[in-house]
Amino acid sequence: MQKSKSVKSKICAAIAGGSALALFLSGCARNQLSDVVPPVVDKTVDYTKQEITWGSCPNTNLATPRDAECAYIEAPLDWSKPEAKEAVKLQLTKLPSKSENPKGTIFANPGGPGASGVNFVLGSAQAFEQLRETYDIVGWAPRGVEASSAVKCYTNQELDESLYGNEKTPEPGTQAWLNEVHKSNKELSERCESYTGSLYKHVGTRSTVQDLNLMRELVGDAKLNYIGLSYGTYIGARYAEMFPQHVGKVVLDGALKPDADASEVVAVQTKGFENALKNYWKYCVSVECSTEKTVADGMKMVSKLLADVKTDPIKAADGRWVTDSVLLTAIVTPLYSENMWPLLEGLFQSVKNRDAGPALDLADQYHNRVDGKYTDNSNSAFTAINCADYPPQQPDLAAMRADAAKLAQDAPVFGPYQGYGGVSCWGWQAAGDPQRAKPISAPGAEPILVIGTTGDPATPYEWAEDLAAQLESASLITYVGEGHVAFGRSSCVTQKVTEFFNGAPAAPATCTQ
C-alpha cells in the first residue's frame, strides 16, 4: 500500500500448458481494441437495456485466440446517481464456449488492483480450455484500467521521477515526514483529477462490483459465475456480500482478507515475501547457486545490499537510480514464482558490482516499463483504486512507530523498508469506502470455493483461511507449493476448479501437484 514501496499483488498469469509463463502485468500486452466502437447509451434508459455488440479483436502481441470477441459497454460514473449523464466505458473480451448450448458465462478477473481481465483472458486462453467446453469466458478491464475509462495520475516523466528518482525525504515516522506524505498524496490526487476529472473518485471496488452485476445481467445470466485471483478475490467476495441472491459458481484464488486495513495488508505481505526469500535461499543453498553457505548468510547478504543502496544508491547511465525501493521491487518480482528464482543470483551479483542494469530490468518488468515507456496505467490505477477504497484516516504516529518497529523485527530483511503502510492514502482527496476493511460473510450465497497456496508471498495462505472462515458457505482448497495463486499452475487445483464449475460440490481438499 505504501507508494513506491509496497508489494503490489499484481498478476497477469499468462498461463500455457498448465505452467505460469508470467505472474505480473508485464507478461500482458496493452490492448486498445481500437476497431471496436463503444456504444452510445441513451441516459434516459436503464443501462441494463443496452446490448453487447461483440466484434473481432485487434492484433496484439498476445497469442489472441482466433475466435476471441471484443466489445464495450457503458455504466454510470456514479452508481449512487445512475440517472446522471456521466458514464464510464468498460472493455470486455469473450472466449466463446465450444458448446452450442453453454451453461452460461464465467467472468474472470486477475487482480491488481489495476490489472486488465481482457489481457488475462486473452493471454491465458489455454488455462480456460476445459471450462470453454461448457461456458463462455469473459474478462473485462475494470473502471479506471487501461482501455476502459482509465485514470491517469502521471506523465511518463513524472512516474519515472516517482519510481526511480533519488529525492531526499524526511526520516519516516517523524512529524515532518508525515506532513510531507500528506502534501504529496494531496498533490497526486489533484493531479489525477486534472488529468482525468472526477473519474478517479469513482473507481473503488464497490463501483466495480456494481459493474460486474450489470455485466451479468447483460449476458443474460440469472446468477454470477466468477473466478477471481488475488485482489480479484475481494471483488468476488464483495459481490457475494452485496448480491448474495445472484451468486452462482464463484472461485476465489489467492485471497485477500476482507477486513484487513492498509497497515495489515502491508505487514502481512512483507512477512510473506520475507518467507519466500527464505524459501529461495533454502533452494539456493541446496544447489550451491551462491557463495552463501546457509540461509542465514543469504538473508544477511540481502540485508546488506539493501542497506548499501539506501546510503549509496547506484546511478544508471539513463539517469535513473537504484535506491532501496527499486532494489526491493527487483527482489520481490522473481519471488512471485519459483520458476523465476534463478534471476535472483544474477541480480545480487550485479548489485555487488554496482551494476544498475539487472535491478532496473526487473523493476521495469514489475512496473510494465518497456523501452522507457509505461505500457499501461497500472501504477495510476493501483493508487486510485486503493485510495477510493481505504478511507484516508488521520494516522497515529506513535502507534505507527511501534508497528514499524515490530515489522522490522518480524521481517528483518524487508521489514525496515515496509513500515508505515497506514499513510498510503493520507491526504488523498477522495472519501474512501466505509465498508472497506469490514468482515464479509455473504449470508444466503451459494457455496463458494476459496483457494490458498501455502507459499504464496503476495496473498499469504492465512488470508485464504480467514476468508473461508468469514464466508458463511465457503470451502477451502489448499495448494502445497510456492508462488502466487494456483489456478493454471497446479494441475490438481485447475481440475478441481473445472469440476466445481461443472457441478461438483464445493468441498475442502489439499493439492500437491
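In the block above lies the structure referred to throughout.
The rules behind each value
Residues numbered from 1 in each chain as written. Predicted model: local features only at pLDDT ≥ 70, side-chain atom pairs only at ≥ 80, totals over all residues. Heavy atoms only, no water. Axes fitted to C-alpha atoms, helices over the stretch in contact; angles between N-to-C directions. Helix = DSSP H or I, 4+ residues; strand = E, 2+ residues; numbered from the N terminus. Parallel < 35°, antiparallel > 145°, perpendicular 65-115°, else oblique. Contact = heavy atoms within 4.5 Å. Nonpolar A, V, L, I, M, F, W, Y, C, P; charged D, E, K, R; others polar. Disulfide = S-S within 2.5 Å. Buried < 20%, exposed > 50% of the residue type's maximum accessible area, 1.4 Å probe, protein only. Polar contact = N/O pair within 3.5 Å; in protein donor to acceptor, adjacent residues only side chain to side chain. Pairing = 2+ DSSP bridges. Right-handed = clockwise from strand over helix to strand, strands pointing away.

### Thoughts on the packing of helix α9 (residues 342-352) against helix α10 (residues 357-367)
The relative placement of two packed helices is expressed as an angle between their axes plus a distance between the axes. Two elements in contact, α9 and α10, have axes separated by 8 Å at closest approach and are oriented at 135°. Relative to α10, the element α9 is oriented oblique. Packed against α9, whose contacting residues are L343, L347 and S350, the element α10 presents P358, A359 and L362 at the interface. In the contact of α9 with α10, the residues fall into 5 nonpolar, 1 polar and no charged.

### Regarding the state of the cysteines
Scanning the entire structure with this criterion turns up 5 disulfides. The residue that forms a disulfide with C284 is C289, at a sulfur-sulfur distance of 1.8 Å. Disulfide C284-C289: the torsion about the S-S bond is -110°, which places it as left-handed. This pair shows no difference in class: C284 is buried, exactly as C289 is.

### Focus: the side chain of S380
Mapped onto the secondary structure, S380 falls in helix α11 (residues 378-389). Of note is the side chain of S380, whose polar atom sits 3.0 Å from the backbone nitrogen of C153. In this view, S380 contacts V151, K152, C153 and Y154; residues no more than four positions away in its chain are not counted.

### Side note on the pairing of strand β6 (residues 104-109)
Most of β6 is tucked away: 6 of the 6 residues are buried. Direction of pairing for β6 relative to strand β7 (residues 135-141): parallel, over a ladder of 5 bridges. Looking at β7, one finds that F107 is bridged to V138. The β-α-β motif built from β6, the intervening helix α1 (residues 117-123) and the parallel element β7 has right-handed crossover chirality. In this structure, β6 lies alongside strand β8 (residues 224-229), joined through 4 bridges in parallel fashion. Counterpart to F107 in the pairing with β8 is Y226.

### A look at the sheet that holds β6
The strand order across the open sheet built from 10 strands is β3-β4-β5-β7-β6-β8-β9-β14-β15-β16, with neighbouring strands paired in mixed fashion. Two strands lie at the open edges of the sheet, namely β3 (55-56) and β16 (509-511), each paired on one side alone. Taken together, the 7 bridges between strand β14 (residues 448-455) and strand β15 (residues 474-482) define a ladder with parallel strand orientation. The residue bridging T453 from the neighbouring strand is Y479, located in β15.

### Some thoughts on unusual backbone geometry
Glycine aside, residues mostly have negative phi, and peptide bonds are mostly found in the trans state. Here G112 and P113 are connected by a cis peptide whose omega angle stands at -5°. For P113, the location among the structural elements is in the loop between β6 and α1. If you check the backbone angles, S230 has positive phi at about 55° while not being a glycine. Structurally, the position occupied by S230 is in the loop between β8 and α5 (231-242). Exposure remark for S230: the relative accessible area of 0% places this residue in the buried category. One non-glycine residue, D371, lies in positive phi territory at about 55°. Counting through the fold element by element, D371 comes out in the loop between β12 (369-370) and β13 (373-374).

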